[in-house]
Amino acid sequence: MRSQYRRSRALGPVIGGIALVLLSASAAFANSIQYAESEAESSTTSTSYQTKTTLTFTPSVAGDYLIFASAEFKGNLDSRSIYARLRQDSTTTLGQMSAEPEETDIYIQHFITHRIVTLSAASHTFTIEYATENAALTAYVRRARIVAIPLETYSSAETPGPTSVSSTSYTTIATTTFTPGSAQNYLLIATAEFDVNSTTESISVRADIDGTDLGTLWSEAQDTSDLLSYASVSVRSLTAASHTFRIQARDEATNHSIQNTRVTAIPLDDNLFSTQSAATEAYTTNNSSTYADITTLNFTPSEAGTYYMFTSAILGGESTNGSTYNALADFDNNGTEDNLLQKGFQDDTDRMSFGSIRQKSLAASSQTFKLRVREGGASSPDAGLGSARIIALSEDFNISGTVYTNEGTTNIGSGKTVSIAVDGVLKTSLDTDSNGSFKVRVPDAATAGSIITVWIDDETENGVTVTETDGNEIVIDVYQNRLIVRHDNAGSLTNNDLDTANNTGDSDISAIYTLDVSDNLTMASSTELFVWT
């Protein structure tokens, strides 16, 4: 149902307070998270890096992003290394791996890394690349995925290293201490790259939150030059008190090193994210060649939408060579394998990281995801999985609307740019869909009392809507050649608020209205002022 309004055709200055209301409408989905994947198997014998997956996008405004990447690797020789790396803009390496296969022709290694990066409002490219140590080796890669998630607030720490690990007691490598503004769930991400430097003595890497273990890895190397991935991803409910999130490492007897050690704590409510999650923390074994379900996440989305599936686990097994003695872990998506890690271990006590990211479009029906484990076929070994977690993350879109070419009956169609500012600061821009609609996550707009400006930007058409929000989800439509003023926070909008709304200095706003130094409002020629009541 359309709200009522008072219409004023602009013939000169309009001065004074302007009153309320709320408009109700539906809108289609538009996503601010960026994602790319390359699922099929690719191979190379080149010693020069080859690109497997490319993610290119242009942020509408400068800001901070979580970059998370994962991929699966195998090789046909156990005497040469596979190289992998995540690159930003062809100049910066965000993470890397060097792995000599324990066994050939099985997907023996997950490459997992993350980093917080600050991006300008220009084109940026992220790539997963791979190469071989020697052309005699054929390196294979599949399920290579990159996600870029814009963040409004977070706590993080990074120790680039390499940092020597020479103590048999755990030493903190990277740590962040933070106090949530309110009790809420946090997404906790810890990744690192460790150089074992020994084929007989292990390095141990672990993450913890306030002393609670989030996943402990033990590893000897196939080759002393190996540089392997550690990863832990979890959702934890944290109180509004001080918390410490860290990665620690120790050695067994021989000096090792660790690098690109990073911890990131993301408040979900403050960033307008929702999660469904399940976890089995205890290390659970299975000596059968049939998969045992370790962690199961089942939920029904309230509506169809896009979810980002994070997994992490610690996989263990035994050191006997041969595929029948391998430990296998997989991530099962409604009966389809989304990830697989098959490991032969240097030592029976070794524990290695399993981890991945995947974008999924889910229907509003029951969804089942599983982390499972089995052994390769022999009756004696026990495969095991612990710290096994599945997280389905989605965005809470708090601003939506439709752009119309008239007074709310004919939508403008697809590909028209809409910009949104909060208190006069540009926060995001996005294109309308085929119904002229938009939907977006703007965390700053969740603060009651904020002035929200929505306008048609850099198009031949112009139109602006301004309101003061109560901090809740809001529907804001835009009419071509109109200024719509409204109030959604039990008060009245003033010309001073309109001045704040136009602090972006965007000429497309000024094409609809301007204010002089006394805050007198002037509507442009052939435009109309709508005051919602």
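Please read all numbers here as calculations on a predicted model, not as lab measurements. (Residues numbered from 1 in each chain as written. Predicted model: local features only at pLDDT ≥ 70, side-chain atom pairs only at ≥ 80, totals over all residues. Heavy atoms only, no water.)

Trainee: So what exactly am I meant to see when it comes to the nonpolar core here?
Mentor: Generally speaking, nonpolar side chains in soluble globular proteins are found buried as a group. Core analysis: the biggest nonpolar cluster contains 77 residues, and Ile67, Phe73, Phe126, Phe194, Val205, Phe245 and Leu385 have the highest contact counts within it. Excluding anything up to four places from it in sequence, phenylalanine 194 contacts Ile203, Val205, Leu217, Ser219, Asp226, Leu227, Leu228, Ser229, Tyr230, Ser257, Ile258 and Met352. Grouped together as the second largest cluster of nonpolar side chains are 22 residues, Ile33, Val147, Phe310 and Ile391 included. (Core = buried A, V, L, I, M, F, W, Y, C linked by side-chain atoms within 4.5 Å. Buried < 20%, exposed > 50% of the residue type's maximum accessible area, 1.4 Å probe, protein only. Contact = heavy atoms within 4.5 Å.)

Trainee: Can you help me understand the sheet that holds strand β26 (residues 336-343) in this one?
Mentor: Consider a sheet: its strands pair through backbone hydrogen bonds, and that pairing is either parallel or antiparallel. As summarised here, the arrangement of the four strands in space is β23-β28-β25-β26, forming an open sheet in which the pairing is antiparallel. Since the sheet does not close on itself, it has two edges, and those belong to β23 (292-299) and β26, each with one partner. The sheet shows a mean angle of 10 degrees between the axes of neighbouring strands, direction not considered. (Pairing = 2+ DSSP bridges. Helix = DSSP H or I, 4+ residues; strand = E, 2+ residues; numbered from the N terminus. Axes fitted to C-alpha atoms, helices over the stretch in contact; angles between N-to-C directions.)

Trainee: Please explain the pattern of salt bridges as it appears in this structure.
Mentor: Side-chain pairs of opposite charge can arise where the charged atoms are in close proximity. Here the structure, examined in full by the defined rule, presents 26 salt bridges. Ionic pairing is found between glutamate 72 and arginine 142, a salt bridge with its closest N-O pair at 2.7 Å. Of this pair, glutamate 72 sits in strand β6 (residues 63-75) while arginine 142 sits in strand β11 (residues 139-151), and the two are 70 residues apart along the sequence. Pair check on accessibility: glutamate 72 and arginine 142 agree, each one buried. (Salt bridge = Lys/Arg side-chain N within 4 Å of Asp/Glu carboxyl O.)

Trainee: I would appreciate a short explanation of the packing of aromatic side chains in the present structure.
Mentor: Given two aromatic rings, their pairing is described by the distance between the two centres and the angle made by the two planes. In the structure shown here, the tally under the stated rule is eleven aromatic pairs. Their ring planes at 85 degrees and their centres at 5.2 Å tell us that phenylalanine 68 and phenylalanine 310 sit as a pair that is edge-to-face. With a gap of 242 residues between them, phenylalanine 68 in strand β6 and phenylalanine 310 in strand β24 (residues 305-316) connect regions that are remote in the sequence. With a relative accessible area of 1%, phenylalanine 68 lands in the buried category. In this structure phenylalanine 310 comes out as buried when scored by relative accessible area, which is 0%. (Phe/Tyr/Trp six-rings, centres within 6.5 Å; stacked < 30°, edge-to-face > 60°.)

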